[in-house]
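Below are the chains, spelled out letter by letter.
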Amino acid sequence: METCFKVKDLNLYYGEKQALKKIQMNIYKNKVTAFIGPSGCGKSTFLRCLNRMNDLIEGCKIDGLIDKDGIDIYSSKTDIVDLRTKVGMVFQKPNPFPMSIFDNVAYGPRCQGLKDKKKLDEIVVKSLKQAALYDEVSDRLHESALGLSGGQQQRLCIARCIAMEPEVILMDEPTSALDPIATAKIEELIEQLKEKYTIIIVTHSMQQASRISDYTAFFLLGEVIEFDNTKTIFSTPTDKRTEDYITGRFG
Ligand code: ADP
Ligand code: MG
């Protein structure tokens, strides 16, 4: 199995406060990895480490190693713009830009300098198809993205991410603002996307983690308590704290 990220002894501090403690984890290519754990245990913080989004937070310090393709992503050799292109991100609340559906998806490629109209058309259509949105919007590509439903907006954000041809898609509670039907559509989509991409998803829903992920990491107070096959985590966890959490005894 191919590894996408190898994380070793990763510590992260917000000022004096340590938010991640000695994280060790391998994240595998073309798999879905879920991060679960109670609120405030560091799931989003760790997710943001993987495309260096924490660089934007003042007072945030990191040590340890995150290896991607043989290079420490925190070394000076890493081109951050390139890293964030390869490691795209989808947020909790759908955040389409206030522009047309087409322009949302074309935004990234245009920023990279692509002007060829035919090429842009191709990318937009292909990305919307991959995000399982095309059929619902093909007759209104030039209307505002803000007119879409919440679930459609989130799939548009996934299409916008796909248009950059990433290797990895990070998703931070991507369905927590959505109703059950829209959630089911995104879950189905994630299942399809893993053929092409490595997916890492933070979810507060253990049902969701067990439905859609191949691997699960259980976080508690900034530590990874247990990381394993999702089936193992939910059937025969090794650590008592994992068992207590998945059986609903806390959190
Ligand atoms: P989770 O996503 O598991 O709910 P977070 O990663 O958001 O947890 O937060 C982990 C810890 O780091 C929490 O104690 C939170 O208050 C703290 N934290 C998160 N973001 C920041 C920040 N920008 N500045 C300072 N502390 C933060
Ligand atoms: Mg979070």
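Note that the structure is predicted; figures quoted are calculated from it, not measured.

(A) View of the overall build of the chain. Helices and strands together make up the secondary structure of the chain, namely 10 helices and 10 strands. For 251 residues, the compact-globule estimate of 2.2 N^0.38 gives 18 Å, and the chain sits close to it at 18 Å. Principal-axis analysis of the C-alpha atoms places the extent of the chain at approximately 55 × 45 × 35 Å. Counting over 251 residues, the chain shows a buried share of 49%. Counting only contacts in the chain whose residues sit at least 6 apart along the sequence, the fraction spanning at least 24 positions is 67%. For the chain, the exposed surface amounts to about 12,200 Å²; the carbon and sulfur share of it is 50%. In the chain, 34 positive and 35 negative side-chain charges are present, and the distance between their average locations comes to 1 Å.

(B) Layout of the nonpolar core. In terms of nonpolar packing, the biggest core is built from 42 residues, with L128, I158, I169, M171 and L193 touching the most fellow members. Those residues in contact with I158, other than ones at most four positions away along the chain, are V90, A131, M171, I186, L189 and L193. Core analysis: the second largest hydrophobic core is formed by 30 residues, F5, L10, L20 and L83 among them.

(C) Spatial organisation of the packing of helix α3 (residues 101–111) against helix α4 (residues 117–130). At a minimum axis separation of 9 Å, α3 and α4 run at an interaxial angle of 115°. In this view, α3 runs roughly perpendicular relative to α4, as classed from their interaxial angle. For α3 against α4, the interelement crossing comes out right-handed. Every residue of α4 that contacts α3 at I101, F102, V105, A106, P109 and R110 is listed here: L120, D121, I123, V124, S127 and L128.

(D) Examining the sheet that holds strand β5 (residues 71–72) more closely. Read across the sheet, 4 strands follow the order β2-β1-β4-β5 without closing on themselves; strand pairing throughout is antiparallel. Since the sheet does not close on itself, it has two edges, and those belong to β2 (17–28) and β5, each with one partner. Pairing between strand β1 (residues 3–14) and β2: 8 bridges, direction antiparallel. Its bridge partner lying in β2, T3 is registered against Y28.

(E) How the structure looks around the environment of T247. Its place among the elements puts T247 in the segment after α10 (240–246). In this structure, the C-alpha to C-alpha distance between T247 and M206, residues 41 residues apart in sequence, is 9.8 Å. Reaching out from T247, the side chain makes a polar contact with the backbone oxygen of D244 at a distance of 3.3 Å.

(F) Main features of the pairing of strand β10 (residues 223–229). When strand β9 (residues 215–220) meets β10, the two strands line up antiparallel, connected through 6 bridges. If you follow L220 over to β10, its bridge partner there is E223. Counting the residues in the hairpin turn of β9 and β10 gives 2 residues, including L221, whose phi is positive at 45°.

(G) Seen up close, the layout of surface pockets. Approximately 540 Å³ is the volume found for the largest pocket. Along the wall of the largest pocket there are 21 residues; nearest its centre are R84, M89, R160, C161 and M164. Looking at the lining of the largest pocket, the elements that each hand over two or more residues are α2 (80–86), β6 (87–90), α3 and α6 (150–162). Residue contributions to the lining of the largest pocket peak at 4 residues, all from α2. Of the residues in the lining of the largest pocket, the class split is 13 nonpolar, 6 polar and 2 charged.

(H) Region of the structure containing the pattern of salt bridges. In this structure the tally under the stated criterion is 15 salt bridges. Here D55 ties to R52 by a salt bridge, and the two come within 2.8 Å at their closest N and O atoms. A relative accessible area of 34% places D55 in the partly exposed class. A residue is classified by how much of its surface remains accessible, and R52, at 12% relative accessible area, is buried. A salt bridge links D214 to K194; its shortest N-O distance comes to 3.0 Å. Of this pair, D214 sits in the loop between α8 (206–212) and β9 while K194 sits in the loop between α7 (180–193) and β8 (198–202), and the two are 20 residues apart along the sequence. The buried category is assigned to K194, whose relative accessible area is 18%. Bridged by salt links that share partners, the residues E2, K29, K68, D69 and E167 form one connected network.

About the cut-offs
Residues numbered from 1 in each chain as written. Chains lettered and ligands numbered in written order. Predicted model: local features only at pLDDT ≥ 70, side-chain atom pairs only at ≥ 80, totals over all residues. Heavy atoms only, no water. Helix = DSSP H or I, 4+ residues; strand = E, 2+ residues; numbered from the N terminus. Rg over C-alpha atoms; globule rule 2.2 N^0.38 Å. Buried < 20%, exposed > 50% of the residue type's maximum accessible area, 1.4 Å probe, protein only. Contact = heavy atoms within 4.5 Å. Areas by Shrake-Rupley, 256 points an atom, 1.4 Å probe, with all protein chains shown as cover. Lys, Arg positive; Asp, Glu negative; His and termini not counted. Charge placed at Lys NZ, Arg CZ, Asp CG, Glu CD. Core = buried A, V, L, I, M, F, W, Y, C linked by side-chain atoms within 4.5 Å. Axes fitted to C-alpha atoms, helices over the stretch in contact; angles between N-to-C directions. Parallel < 35°, antiparallel > 145°, perpendicular 65-115°, else oblique. Left-handed = near helix turned anticlockwise from the far one by under 90°. Pairing = 2+ DSSP bridges. Polar contact = N/O pair within 3.5 Å; in protein donor to acceptor, adjacent residues only side chain to side chain. 1 Å grid on protein atoms, 1.4 Å probe; cavity = no way out; pocket = protein on both sides within 12 Å on 5 of 7 lines; lining within 4 Å. Points joined across faces, edges and corners; volume = space filled by probe spheres on them. Nonpolar A, V, L, I, M, F, W, Y, C, P; charged D, E, K, R; others polar. Salt bridge = Lys/Arg side-chain N within 4 Å of Asp/Glu carboxyl O.

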